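Residues per chain are reported as follows:
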Amino acid sequence: QIQALLDIDADLENVRAAWRTLVAEGDPQEALRMIRGLWFIYEIRGWHVAGAKLFQEAAQAARTRPVRHGMARDACQVLAAMCTSTQGWFTSLLGAVGDALALGDQATAVLRALDTPDNFAFANGQLCLGLYFTAQLARMKEVGFEALDASDDPWNVMWAHSWIAFAAQMEGDSVEAEKHRLRSEEILGSTSDSWMSYWIYLLRYLAAWEQGDVSWCRQILEEVLVNLKIIDWRRGVQYSLQL
């Protein structure tokens, strides 16, 4: 993950140019393969305004591009929906949560109808951010379980369990929260995902805080800060220092 971020940083303008070309005139399936990576680097680097704009433009381009011979319209619709979902993620971070939820609902409805389970599950994970910000806990859990039912992709599964754990913790159900956190940790153990480890550490922190164990809380935050500084995720560092 660390090396990938450095590699993309070093060639970012070419990466953006390749993305725009693929969305406008290339193979939609190839463009779909880039979405998670682009979302991730814009998330890590804190480029929320630029991310919302990039994916809004891409969604529009994917919706309006002509369908060439041999290219399925469904592929363009999936691409547009995934771009809309990702636009919603950054829109949430910019504070326009109502708009973000509308974008997320629009995207997941399309992906559900087109029966593309891994993309649907990923978009559900993005939708959960707006639901978290608005404390729609029952719906957060519903969306998380929908993602688990739809996809067996390990990253999607890990993310869904984390969102369900956050909702359960906020509801005061520490037993359910612990169950889903441990499932996320089990999957995380086979990866080197510093970004996802933050959310799991945060779930540990919430459990420790509920038990009144301040020294454990501090130890958890000090450990996670090491990981976050490695990938230079400043929003995560800010959140951790505030806690």
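Nothing here was measured: the structure is a model prediction, and the numbers come from that model.

About the thresholds
- Think of each chain on its own: its residues are numbered from 1, step by step along the sequence as written.
- Local features in this predicted model are restricted to residues whose pLDDT is 70 or higher, and side-chain atom pairs enter the listing and the counts only when it is 80 or higher, whereas totals over whole chains, interfaces and linings include all residues.
- Think of the side-chain values as coming from all heavy atoms in the structure, minus any hydrogens and water.
- Starting at the N terminus, helices and strands are each numbered in turn, a helix being any DSSP run of H or I of at least four residues and a strand any DSSP run of E of at least two.
- Both definitions apply: the radius of gyration is a C-alpha atom measure, and the globule rule equals 2.2 Å times residues to the power 0.38.
- Any residue under 20% of the maximum accessible area for its type is buried, any over 50% is exposed, and the rest in between are partly exposed; the area is computed with a 1.4 Å probe on protein chains only.
- Contacts were defined at the residue level, with two residues in contact if any of their heavy atoms lie within 4.5 Å.
- Note on areas: Shrake-Rupley, 1.4 Å probe, and residue coverage restricted to the protein chains presented here.
- Here Asp and Glu are counted as negative and Lys and Arg as positive; His is not counted, and neither are the chain ends.
- For this purpose, a charge sits on NZ of Lys, CZ of Arg, CG of Asp or CD of Glu.
- Between N or O atoms, a polar contact is any pair within 3.5 Å; within protein, one atom must be a potential hydrogen donor and the other a potential acceptor, and residues adjacent in sequence are included only when both atoms are from side chains.
- Here, the term nonpolar core denotes a set of buried Ala, Val, Leu, Ile, Met, Phe, Trp, Tyr and Cys residues that are joined through side-chain atoms within 4.5 Å.
- Only the six-membered ring of Trp is used, alongside the rings of Phe and Tyr, when aromatic pairs are assigned; centres must lie within 6.5 Å, and planes under 30 degrees apart are stacked while those over 60 apart are edge-to-face, with the rest tilted.
- Charge over a ring is defined by NZ of Lys or CZ of Arg lying within 6 Å of the ring centre and within 35 degrees of the ring normal.
- What makes a patch is a set of residues exposed beyond 30% relative accessible area and free of salt bridges, joined within 9 Å when like-charged and within 5 Å when nonpolar (Val, Leu, Ile, Met, Phe, Trp, Tyr).
- By salt bridge we mean one thing: a side-chain nitrogen of Lys or Arg within 4 Å of a carboxyl oxygen of Asp or Glu.
- What counts as an axis is a line fitted to C-alpha atoms, over the stretch in contact for a helix, and the angles between N-to-C directions run from 0 to 180 degrees.
- Note that the term roughly parallel is reserved for angles under 35 degrees, roughly antiparallel for angles over 145, roughly perpendicular for angles of 65 to 115, and oblique for everything else.
- Handedness of a helix crossing follows the sense of rotation of the near helix relative to the far helix, less than a right angle counterclockwise being left-handed and clockwise being right-handed.
- Polar here means any residue other than Ala, Val, Leu, Ile, Met, Phe, Trp, Tyr, Cys and Pro, which are nonpolar, and Asp, Glu, Lys and Arg, which are charged; Gly is therefore polar.

**Focus on the overall build of the chain**
Across its full length, the chain carries 13 helices and 0 strands. Taking 243 residues into account, the globule formula puts the C-alpha radius of gyration at 18 Å, and the chain, at 18 Å, falls close to it. When the backbone C-alpha atoms are referred to their principal axes, the chain occupies close to 60 × 40 × 35 Å. Across the 243 residues of the chain, 51% fall into the buried class. Looking at the chain alone, contacts between residues at least 24 apart form 64% of all its contacts between residues at least 6 apart. Total accessible area on the chain is roughly 11,300 Å²; 53% of this is exposed by carbon and sulfur atoms. Of note, the chain has its 21 positive side-chain charges centred 5 Å away from the centre of its 31 negative side-chain charges.

**Description of the environment of serine 197**
Turning to its location among the elements, serine 197 is positioned in helix H11 (residues 194–210). For the pair serine 197 and arginine 234, spaced 37 residues apart in sequence, the C-alpha separation works out to 15 Å. With residues near it in sequence (within four places) discarded, serine 197 still touches Leu188, Val224 and Asn227. Within the local environment of serine 197, its side chain forms a polar contact with the backbone oxygen of serine 194, the two atoms lying 2.7 Å apart.

**Description of the nonpolar core**
Side chains of nonpolar character tend, in soluble globular proteins, to be buried together. Grouped together as the largest cluster of nonpolar side chains are 72 residues, with contacts concentrated most on Trp19, Trp39, Leu79, Trp89, Trp159, Trp195 and Met196. Sequence-distant contacts of tryptophan 39, defined by excluding residues within four places in its chain, comprise Phe55, Thr86, Trp89, Phe90, Phe122, Gln126, Trp155, Trp159 and Trp195.

**With respect to the side chain of serine 85**
The topology assignment puts serine 85 in helix H5 (residues 73–93). Its relative accessible area of 3% is what places serine 85 among the buried residues.

**Comments concerning the packing of aromatic side chains**
Per the counting criterion, the structure on display carries 30 aromatic pairs. Here the aromatic rings of tyrosine 132 and tryptophan 163 are separated by 6.0 Å at their centres, their planes lie at 50°, and the arrangement is tilted. Taken together, the residues tyrosine 132 in helix H7 (residues 117–133) and tryptophan 163 in helix H9 (residues 154–171) connect sequence positions 31 residues apart. According to the relative accessible area criterion, tyrosine 132 is partly exposed, its value standing at 27%. On the basis of an interplanar angle of 40° and a centroid distance of 6.4 Å, the ring pair of tryptophan 159 and tryptophan 163 is categorised as tilted. On the criterion of helical spacing, the pair formed by tryptophan 159 and tryptophan 163 is a turn pair, its members being 4 residues apart in helix H9. Here the two residues tryptophan 159 and tryptophan 163 agree in accessibility, since each one is buried. The side chain of arginine 204 reaches across the aromatic face of tyrosine 201, ending 4.7 Å from its centre.

**Structural notes on a nonpolar patch on the surface**
A cluster of nonpolar residues, Ile2, Leu6, Val226 and Ile230, forms a patch on the protein surface that exposes about 340 Å² of accessible area. Looking at the nonpolar patch, the elements that each hand over two or more residues are helix H1 (2–10) and helix H12 (214–231). Here valine 226 shows up in helix H12.

**A short note on the packing of helix H8 (residues 137–150) against H9**
At a minimum axis distance of 8 Å, the contact between H8 and H9 shows a crossing angle of 160°. As judged from the angle between their axes, H8 and H9 are roughly antiparallel. The handedness of the crossing between H8 and H9 comes out as left-handed. Of H9, the residues touching H8 (which contributes Leu137, Ala138, Met140, Lys141, Gly144, Phe145, Ala147 and Leu148) are Val157, Ala160, His161, Trp163, Ile164, Phe166, Ala167, Met170 and Glu171. In terms of residue class, the contact of H8 with H9 is made up of 13 nonpolar, 2 polar and 2 charged.

**Re the pattern of salt bridges**
Applying the stated rule across the entire model yields 16 salt bridges. The closest approach of N and O atoms between arginine 33 and glutamate 30, which form a salt bridge, is 3.3 Å. Linking arginine 33 with glutamate 30, this pair stays in helix H3 (residues 28–45), spanning 3 residues, or about one helical turn. Taking the relative accessible area as the measure of exposure, glutamate 30 reaches 34% and is therefore partly exposed.

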